[in-house]
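Chain by chain, the residues:
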Amino acid sequence: PAQYEEWAAEVRRLADERGAVVLAHNYQVPEIQDVAHHTGDSLYLSRVAAQTDAREIVFCGVHFMAETAKILSPSKTVLLPDLDAGCSLADSITAEQLREWKAEHPGAVVVSYVNTTAAVKAETDICCTSSNAADVVRSIPEDREILFCPDQFLGAHVKRVTGRENIRIWAGECHVHAGISPSDVRSQIAAHPDAEILVHPECGCTTSVLDLVSNGDLPADRTRVLSTGGMAEAAAATTAKQVLVATEVGILHQLRALNSGTQFIPMNDRAACRYMKMITPAKLLRTLQTGYGAIEVPDETAAKARRAVEAMIAIGE
Ligand code: 13P
Ligand code: SF4
């Protein structure tokens, strides 16, 4: 629509004027995904934030993502268009809880998902995202015990694919992905028996989908567990007529734009993250007009957290 064209032109003009790069996560609303300079998954966006020459980073995503960008580029201004855009998964472990857990398991290596606060990252040895979690775990010597937090479904998935036994998993979850259940999977597969299946490892249904594959009820070559960035690559390459997608519904915009010949169907169409949707077109414009939303991380916390995030970024480079 015309009003969005005007808005998009103004966003790009103000971003140029401020020397800002606009980043958007794959779960953002379509207008924001389309106007951003870079749209992608958590790992990709952290890499862009670490490498950009821009003076300022406007992060259209949630708080922990903007905080990660600030940790990686401390001399830059990082703006989040709504500072209340949180994350239920990041809220499922505090730095204090992690310190207590570490005290119970001295000598263990702490692996934290990037969906955590800077204070939790500061207590972490190495971070991971959904696209590199298995590689991060494989990089840790076999004889070292691992404390994995905070996502129980990603933790269980990593344990399964790496075969690692000495890994303890925190019982946190993302309310959106936990809500995509085995019963959603059963009913959607029954309704779309020939569809390919893409599952985000934070989903509550991940184990049951993979059990269906091991039982021979789902073909292994049509079923994949992927980060949102991995889903975008798979969507661009597929020749399937239908693909069932188990993750936050914002990704569908990206997948449909990449491949108009395939029908992308949500595994659960109520899987929307209200935090991601707090970043509206109007709030993005406000941030570019006023500089609202500066992220601050205390120097000492940032320095400790940076080690854990940089250790992650170095893997696979
Ligand atoms: P990825 O984009 O890294 O797959 O992360 C998903 C997520 O839950 C972010 O909120
Ligand atoms: Fe957090 Fe879940 Fe929302 Fe991602 S989808 S930001 S993990 S609450």
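Rules and cut-offs
- Residues numbered from 1 in each chain as written.
- Chains lettered and ligands numbered in written order.
- Predicted model: local features only at pLDDT ≥ 70, side-chain atom pairs only at ≥ 80, totals over all residues.
- UniProt positions renumbered as here; feature names shortened; annotations may be inferred.
- Near = placed C-beta within 6 Å.
- Nonpolar A, V, L, I, M, F, W, Y, C, P; charged D, E, K, R; others polar.
- Domains from an automatic or database assignment.
- Contact = placed C-beta atoms within 7 Å.
- Helix = DSSP H or I, 4+ residues; strand = E, 2+ residues; numbered from the N terminus.
- pLDDT = per-residue confidence, 0-100.
- Axes fitted to C-alpha atoms, helices over the stretch in contact; angles between N-to-C directions.
- Parallel < 35°, antiparallel > 145°, perpendicular 65-115°, else oblique.
- Core = buried A, V, L, I, M, F, W, Y, C linked by C-beta atoms within 7 Å.
- Buried ≥ 20, exposed ≤ 12 C-beta atoms within 10 Å, placed from the backbone.
- Left-handed = near helix turned anticlockwise from the far one by under 90°.

The protein chain is annotated in an unreviewed UniProt entry as Quinolinate synthase from Klenkia soli. According to the UniProt record, the Pathway (unreviewed entry) comment for the protein chain reads "Cofactor biosynthesis; NAD(+) biosynthesis; quinolinate from iminoaspartate: step 1/1." For the protein chain, the Cofactor (unreviewed entry) comment in UniProt is given as "[4Fe-4S] cluster".

S.K.: Help me understand the site of ligand 1, please; the structure alone is not making it clear to me.
M.R.: Near ligand 1, the surroundings consist of 13 residues, among which Asp41, Ser42, Ser130, Ser227 and Thr228 are the closest. A class-by-class count of the residues in the shell around ligand 1 yields two nonpolar, nine polar and two charged.

S.K.: Any chance you could explain the site of ligand 2 here in plain terms?
M.R.: Looking at ligand 2, there are 13 residues lining it, with Cys87, Leu89, Cys174, Val176 and Cys273 nearest. Of the residues assigned to the shell around ligand 2, the class counts are nine nonpolar, three polar and one charged.

S.K.: Help me out: how do you make sense of the domain arrangement of the protein chain in this one?
M.R.: Frequently, the measure chosen for interface size is the accessible area removed from exposure when the parts meet. Its domain assignment divides the protein chain into domain 1 (2-85 + 276-297), domain 2 (90-175) and domain 3 (177-266). Once you take the C-alpha centre of each, domain 2 and domain 3 turn out to be 25 Å apart. Contacts between the two partners involve eleven residues from domain 2 and, on the opposite side, 14 residues from domain 3. It is helix α8 (residues 152-162) that provides the largest number of residues to the side of domain 2 that touches domain 3, a total of four residues. For the side of domain 2 that touches domain 3, the class distribution of residues is four nonpolar, five polar and two charged.

S.K.: Help me out: how do you make sense of the confidence of the model for the protein chain in this one?
M.R.: Of the residues in the protein chain, 99% reach a pLDDT of 70 or more, and the chain-wide mean stands at 96. In the predicted assembly, ipTM is 0.97 and pTM is 0.95.

S.K.: It is not clear to me how the environment of Arg270 should be interpreted in this structure. Could you clarify?
M.R.: If you trace the backbone, Arg270 turns up in the loop between β12 (263-266) and α14 (281-290). With 90 residues separating them along the chain, Arg270 and Ile180 place their C-alpha atoms 8.8 Å apart.

S.K.: Please explain the packing of helix α4 (residues 63-72) against helix α15 (residues 299-314) as it appears in this structure.
M.R.: The relative placement of two packed helices is expressed as an angle between their axes plus a distance between the axes. Where α4 contacts α15, the axes come no closer than 9 Å and their chain directions differ by 95 degrees. As summarised for this structure, α4 and α15 are arranged roughly perpendicular, according to the angle between their axes. Along its contact with α4, which presents Thr68, Ile71 and Leu72, the element α15 presents Ala302, Ala305, Arg306 and Val309. When grouped by side-chain class, the residues that make up the contact of α4 with α15 number five nonpolar, one polar and one charged.

S.K.: Would you mind showing me how to read the nonpolar core here?
M.R.: Soluble, globular proteins show a tendency: their nonpolar side chains are buried together. With 94 residues, the main nonpolar core has Val22, Leu23, Phe59, Cys60 and Val245 as its most contacted residues. Here the element with the most residues in this core is α4; it accounts for six residues. In this view, Val22 contacts Val11, Ala15, Val35, Ala36, His37, Val58 and Cys60; residues no more than four positions away in its chain are not counted.

S.K.: Got a minute to help me understand the environment of Val176 in this structure?
M.R.: Tracing the backbone through its elements, the reader meets Val176 in helix α9 (residues 175-178). The class of Val176 is buried, set by 26 C-beta atoms lying within 10 Å. Along the backbone, Val176 and Arg270 are 94 residues apart, and their C-alpha atoms lie at a distance of 8.5 Å.

S.K.: Is there a simple way to think about the packing of helix α1 (residues 2-18) against α14 in this case?
M.R.: At their nearest, the axes of α1 and α14 sit 9 Å apart, and the two run at 30 degrees to each other. Here α1 is positioned roughly parallel relative to α14, judged by the angle of their axes. Handedness of the crossing formed by α1 with α14: left-handed. Touching Trp7, Glu10, Val11, Leu14, Ala15 and Arg18 of α1 are Pro281, Leu284, Leu285, Leu288 and Gln289, all from α14.

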